[in-house]
Amino acid sequence: AFIQFPLYERLKVEWAKVQGYETSPLQAATCGSFSGGVAAAFTTPLDVVKTRLMLGSDKNGVKYHGANDVIGRILKEEGTSVFLSGIQPRVMWISIGGFVFFGAYESYRSLLMNIS
């Protein structure tokens, strides 16, 4: 949310500036999809560490002792590329989710704004 929401709002503002009027719900959904994908890509390393912590131990059954231990062992035993494990499906699903969520949000918001 720390990355996705500010980026989403900025993209909507910039899109509206270019076209000269407020973004449509479909355009906002596209902004939500893109911002979700960017946020997913940037936070994938944190997700890898979180997943390892949730598992509790490595493939050999050796327990992890906090995030620093996970990071150190990944760097030492597996290499930096492991921090990007699962980035493709993560970006895809969060992008789809961002499109649906922000599209629904903006559609409903537009509906409520027209009622007043």
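Scroll up a little and you will see the structure.
Each residue is numbered by its place in its chain's sequence as written, counting from 1. Predicted model: local features are reported for residues with pLDDT of at least 70 only, side-chain atom pairs are reported and counted for 80 or more only, and whole-chain, interface and lining totals are derived from all residues. Heavy atoms from the whole structure form the basis of all side-chain values; hydrogens and water molecules are not counted.

Notes on the overall build of the chain
Thought 1: Along the chain, the regular secondary structure elements total four helices and zero strands.
Thought 2: To qualify as a helix, a DSSP run of H or I must reach at least 4 residues; to qualify as a strand, a run of E must reach at least 2; elements of each kind are numbered from the N terminus. Mapped from its N terminus to its C terminus, the chain presents α and β elements in the order α-α-α-α.
Thought 3: For a compact globule the rule gives 2.2 Å times the number of residues to the power 0.38, and the radius of gyration it is set against comes from C-alpha atoms. A compact globule built from 116 residues should have a C-alpha radius of gyration of about 13 Å, whereas the chain, at 19 Å, is more than 25% larger.
Thought 4: The rule is simple: take the accessible area with a 1.4 Å probe, protein chains only, and divide by the maximum for that residue type; under 20% is buried, over 50% is exposed, in between is partly exposed. Within the chain, the fraction of its 116 residues that count as buried is 28%.
Thought 5: Contacts were defined at the residue level, with two residues in contact if any of their heavy atoms lie within 4.5 Å. Taking contacts inside the chain between residues at least 6 apart in sequence as the whole, the part at least 24 apart equals 61%.
Thought 6: Residue exposure ignores everything except the shown protein chains as possible cover, and the areas themselves are Shrake-Rupley values with a 1.4 Å probe. Surface summary for the chain: the accessible area is close to 7700 Å², and the carbon and sulfur share equals 67%.
Thought 7: Here the chain holds 11 positive side-chain charges and 9 negative ones, and the gap between their average locations is 3 Å. We treat Lys and Arg as the positive residues and Asp and Glu as the negative residues; His and chain ends play no part in the count. Working definition for charges: the position is that of NZ of Lys, CZ of Arg, CG of Asp or CD of Glu.

Brief notes about the nonpolar core
Thought 1: We define a nonpolar core as any set of buried Ala, Val, Leu, Ile, Met, Phe, Trp, Tyr and Cys residues linked to one another through side-chain atoms lying within 4.5 Å. Val-48, Val-49, Tyr-64, Val-70, Ile-74, Val-82 and Phe-83 together form the largest nonpolar core, which totals seven residues.
Thought 2: For this core, the elements supplying multiple residues, two or more each, are α2 (25-55) and α3 (67-77).
Thought 3: When residues no more than four places from it in sequence are discounted, the contact partners of Val-48 are Ile-74, Val-82, Phe-83 and Ser-85.

Regarding the packing of aromatic side chains
Thought 1: Note on aromatic pairs: the rings of Phe, Tyr and Trp (six-membered ring only in Trp) are paired at centre separations within 6.5 Å, and the planes decide the class, stacked below 30 degrees, edge-to-face beyond 60, tilted for the rest. If you walk through the whole model with that rule in mind, you get three aromatic pairs.
Thought 2: Residues Tyr-8 and Phe-102 carry aromatic rings whose centres are separated by 3.9 Å and whose planes lie at 25° to one another, so their mutual orientation is stacked. Taken together, the residues span a long stretch of sequence, with Tyr-8 in helix α1 (residues 4-19) and Phe-102 in helix α4 (residues 87-115) at a distance of 94 residues.
Thought 3: Residue Tyr-8 is classed as buried on the basis of its relative accessible area, which comes to 1%.
Thought 4: Of the residues examined, Phe-102 reaches a relative accessible area of 2% and is grouped as buried.
Thought 5: Ring geometry for Phe-101 against Phe-102: centres 5.0 Å apart, planes inclined by 80°, an arrangement best described as edge-to-face.
Thought 6: Take Phe-101: its relative accessible area is 47%, and that puts it in the partly exposed class.

What about the packing of α2 against α4?
Thought 1: Packing of α2 against α4 brings their axes to within 6 Å, and their N-to-C directions diverge by 145°. In this structure, α2 crosses over α4, and the sense of that crossing is right-handed.
Thought 2: Lys, Arg, Asp and Glu make up the charged group, whereas Ala, Val, Leu, Ile, Met, Phe, Trp, Tyr, Cys and Pro make up the nonpolar group; the residues left over, Gly among them, are polar. Here the residues of the contact of α2 with α4 are counted per class, giving 11 nonpolar, 12 polar and three charged. With axes taken as lines fitted to C-alpha atoms, and helix axes fitted only over the stretch in contact, angles between N-to-C directions fall between 0 and 180 degrees. Left-handed describes a crossing whose near helix is turned anticlockwise from the far helix through less than a right angle; right-handed describes the clockwise counterpart.

Overview of α2
Thought 1: Take the residue count of a helix, subtract one, and multiply by 1.5 Å to get its expected span. Between its first and last C-alpha atoms α2 spans 40 Å; for 31 residues at 1.5 Å apiece the expected length is 45 Å, and the helix comes up short by more than 12%.
Thought 2: A residue's bend is the angle separating two fitted axes: one through the seven residues that end there, the other through the seven that start there. By the largest-angle criterion, Thr-44 marks the main kink of α2, which is about 50°, and a proline, Pro-45, follows within four residues.
Thought 3: Downstream of α2 by one or two residues, Gly-56 has phi in the positive range, about 90°.

A closer look at α3
Thought 1: For α3, the set of buried residues is Asp-69, Val-70, Arg-73 and Ile-74. Seen end-on, α3 carries its buried residues on one side only, within an arc spanning 130°. Relative to its buried face, α3 has exposed residues pointing more than 90 degrees away, namely Asn-68 and Lys-76.
Thought 2: Buried residues in α3 make contact with α2. Working note: the arc is built from the helix axis to C-beta atom directions.

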